[in-house]
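One-letter residues, chain by chain:
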Amino acid sequence: MLQHDDHDVVVVGAGIAGLAATAALIAAGRDTVCLEARSRVGGRLLSTHAPPGVLDLGATWFWGGERRVEDLVARFGIDTFEQHLAGDTLVQDATGVRRLPGNLIDAPAHRFAPGAEALAGAFATGLPAGVVRLDSPVTAIRPHATGGVDVRTPGAVLHAEQVVVALPPALALARIDFDSRLPPELVRLARATPVWMGAVAKVVARYPAAFWRDAGLAGAAASSTGPLQELHDMSGPDGQPPALFGFAAAQIVGPGFEQAVTAQLAQLFGPAAARPDTLHIQNWSGERWTTPPAVHRLGDYSLFGHPLYQQPALDGRLHWASTETATRYAGHIEGALAAAERAVTASLTTDEANSCSR
Ligand SMILES: Cc1cc2nc3c(=O)[nH]c(=O)nc-3n(C[C@H](O)[C@H](O)[C@H](O)COP(=O)(O)OP(=O)(O)OC[C@H]3O[C@@H](n4cnc5c(N)ncnc54)[C@H](O)[C@@H]3O)c2cc1C
């Protein structure tokens, strides 16, 4: 039997945007439920335990001026530390590896000591029990005949006055049935909007020691030959655990990829780099709840923050909130938080307008 319940707002997705929107709506007194497809919160914030610390397999940094992230870090008391910058840069091309003085790749940036996922965890922990429902993929959103929307999961139909869709628009169109009720120009836009980092694999190599630092290298490298195209030091606070990470195009991940990565690491950083203690390959294009099919074909980043995402759809009942919909800092955690803020303001404004007309 399908469970039926009624709420002011249903938020779809418990990534950082969905969690921030949920927390703000609850703080504003709205009965809100957040439905999450995965059995964890955080979405593209994902950290794996690597005692004595953690390794980030999704977002890594935040930067000066990202005040929403700074505020959250302060509010939740999350320790931060600075990205390691000291040392020389390596550049790899078909002719070999060159060493250039100084770090030409990394900008000064902050890191989350307990991992980026801690931001999402802190939000979720602060919400009343039962607000976030895990393992609840939304399969359909339909305007309800007498007002509001019906939001369906395999086990429930939730009725709400409004819905906040806090996942990448292209993913929403691929996974959620809107019963052809969205305007065609919005559907075209959403299907064409890239998913930030959706076509990327993040590779994290953990080592017993940061031998590259001892050699005066920053751990920063750029490669035109690959498989990793851009590499950074990813060691935790005080260098623990020692680690390097790199990005690769997800399309090249397949048989032999791991060997190709360790061979490249050895070419760049020397023989010690060929034998990481652990090698994590996080292929975001294979993540059903991050990435729609053929994500690598979506390349028009000028669609991020498009004006159509700034206005509610379905007669004021649907608000967008993922980082892709932000007008500033789109792609970043800061963008996800800004998009959530805008969705919450629009939702509360619609709510007030509706109460005045009742
Ligand atoms: C490898 C990588 C590196 C990055 N590096 C950085 C960085 O250094 N700094 C930075 O600021 N940003 C970085 N980012 C981007 C950052 O992670 C994102 O901007 C941010 O996490 C997006 O949050 P979101 O809530 O908008 O979306 P998401 O995190 O994608 O959240 C969407 C949520 O919706 C859920 N969901 C999906 N479909 C459904 C459905 N049908 N029903 C219910 N739930 C659903 C998902 O499971 C997910 O939890 C990086 C991302 C990646 C992948």
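Residues numbered from 1 in each chain as written. Predicted model: local features only at pLDDT ≥ 70, side-chain atom pairs only at ≥ 80, totals over all residues. Heavy atoms only, no water.

Here the focus is the side chain of R111. One can find R111 in strand β9 (residues 110-112). Side-chain polar atoms of R111 contact the side chain of Q83, separated by 3.2 Å. (Helix = DSSP H or I, 4+ residues; strand = E, 2+ residues; numbered from the N terminus. Polar contact = N/O pair within 3.5 Å; in protein donor to acceptor, adjacent residues only side chain to side chain.)

Taken together, 38 residues lie around the ligand, and E36, R44, W61, G331 and I333 are the ones closest in. Note that a nitrogen atom of the ligand is positioned 3.1 Å from one of the backbone N or O atoms of A37. G43 places a main-chain nitrogen or oxygen 3.4 Å from an oxygen atom of the ligand. Expressed as a share of its isolated accessible area of 1,000 Å², the protein-covered part of the ligand is 99%. Mapped onto the shell around the ligand, the elements with two or more residues apiece are α1 (16-27) and α9 (333-357). Counted by class, the shell around the ligand contains 23 nonpolar, 11 polar and 4 charged residues. (Near = heavy atom within 4 Å. Areas by Shrake-Rupley, 256 points an atom, 1.4 Å probe, with all protein chains shown as cover. Nonpolar A, V, L, I, M, F, W, Y, C, P; charged D, E, K, R; others polar.)

Looking now at the pairing of strand β16 (residues 230-233). Sheet topology places strand β15 (residues 217-223) next to β16; 2 bridges connect them, and they run antiparallel. Bridge pairing links A222 to E230 in β16. Counted along the chain from β15 to the antiparallel partner β16, the turn is 6 residues long, and its residue G226 has a positive phi close to 75°. Bridge count for β16 against strand β17 (residues 243-249) is 4 bridges, and the pairing is antiparallel. (Pairing = 2+ DSSP bridges.)

This brings us to the sheet that holds β16. The strand order across the open sheet formed by 7 strands is β8-β7-β15-β16-β17-β14-β18, and the pairing between neighbours is mixed. Across the chains shown, the open sheet's two edge strands, defined by having one partner strand only, are β8 (96-100) and β18 (278-283). Taking the axes of each pair of neighbouring strands and ignoring which way they run, one obtains an average angle of 20° across the sheet. As defined by bridge partners, strand β7 (residues 88-93) adjoins β15 across 5 bridges and the pair is classed as parallel. Along β15, the bridge assignment pairs Q92 with S223. (Axes fitted to C-alpha atoms, helices over the stretch in contact; angles between N-to-C directions.)

This part covers the pattern of salt bridges. Counted under the stated rule, the structure contains 12 salt bridges. Across the pair D93 and R98 runs a salt bridge, and its minimum N-O distance is 3.7 Å. Here D93 falls in the partly exposed class, since its relative accessible area comes to 24%. Notably, a salt bridge pairs R317 with D315, separated by 3.4 Å at the nearest N-O pair. The class for D315 is exposed, based on a relative accessible area of 72%. A network of salt bridges, in which partner residues are shared, links R68, E334 and E341. (Salt bridge = Lys/Arg side-chain N within 4 Å of Asp/Glu carboxyl O. Buried < 20%, exposed > 50% of the residue type's maximum accessible area, 1.4 Å probe, protein only.)

As a further point, take the packing of aromatic side chains. Tallied over the entire structure, the rule returns 12 aromatic pairs. Both rings, one in W196 and one in Y301, keep their centres 5.9 Å apart while their planes meet at 90°; by these two values the pair is edge-to-face. Taken together, the residues span a long stretch of sequence, with W196 in the loop between α5 (184-192) and β14 (200-206) and Y301 in the loop between β18 and α8 (307-310) at a distance of 105 residues. Residue class for W196 comes out partly exposed when judged on its relative accessible area of 29%. Taking the relative accessible area as the measure of exposure, Y301 reaches 42% and is therefore partly exposed. Seen in terms of ring centroids, Y309 and W320 are 5.6 Å apart; in terms of plane orientation they differ by 75°. Their pairing is edge-to-face. (Phe/Tyr/Trp six-rings, centres within 6.5 Å; stacked < 30°, edge-to-face > 60°.)

With that settled, the discussion passes to the nonpolar core. Of all hydrophobic cores here, the largest spans 36 residues; its most connected members are F112 and L119. Mapped by element, the contributors of at least two residues to this core are β1 (3-12), α1, α2 (67-76), α3 (117-126) and α9. With residues up to four places along the chain from it excluded, the contact list for L119 reads I16, L45, V69, L72, V73, F76, I78, F112 and I333. L171, L173, A190 and L318 belong to the second largest nonpolar core, which has 30 residues in total. (Core = buried A, V, L, I, M, F, W, Y, C linked by side-chain atoms within 4.5 Å. Contact = heavy atoms within 4.5 Å.)

Between α2 and α3, the shortest axis-to-axis distance is 11 Å and the interhelical angle comes to 60°. Classified by the angle their axes make, α2 and α3 are oblique. As for how α2 packs across α3, the hand of that crossing is left-handed. In this structure, α2 contributes V69, L72, V73, R75 and F76 to the contact, and α3 contributes L119, A122 and F123. Of the residues that constitute the contact of α2 with α3, the class distribution is 7 nonpolar, no polar and 1 charged. (Parallel < 35°, antiparallel > 145°, perpendicular 65-115°, else oblique. Left-handed = near helix turned anticlockwise from the far one by under 90°.)

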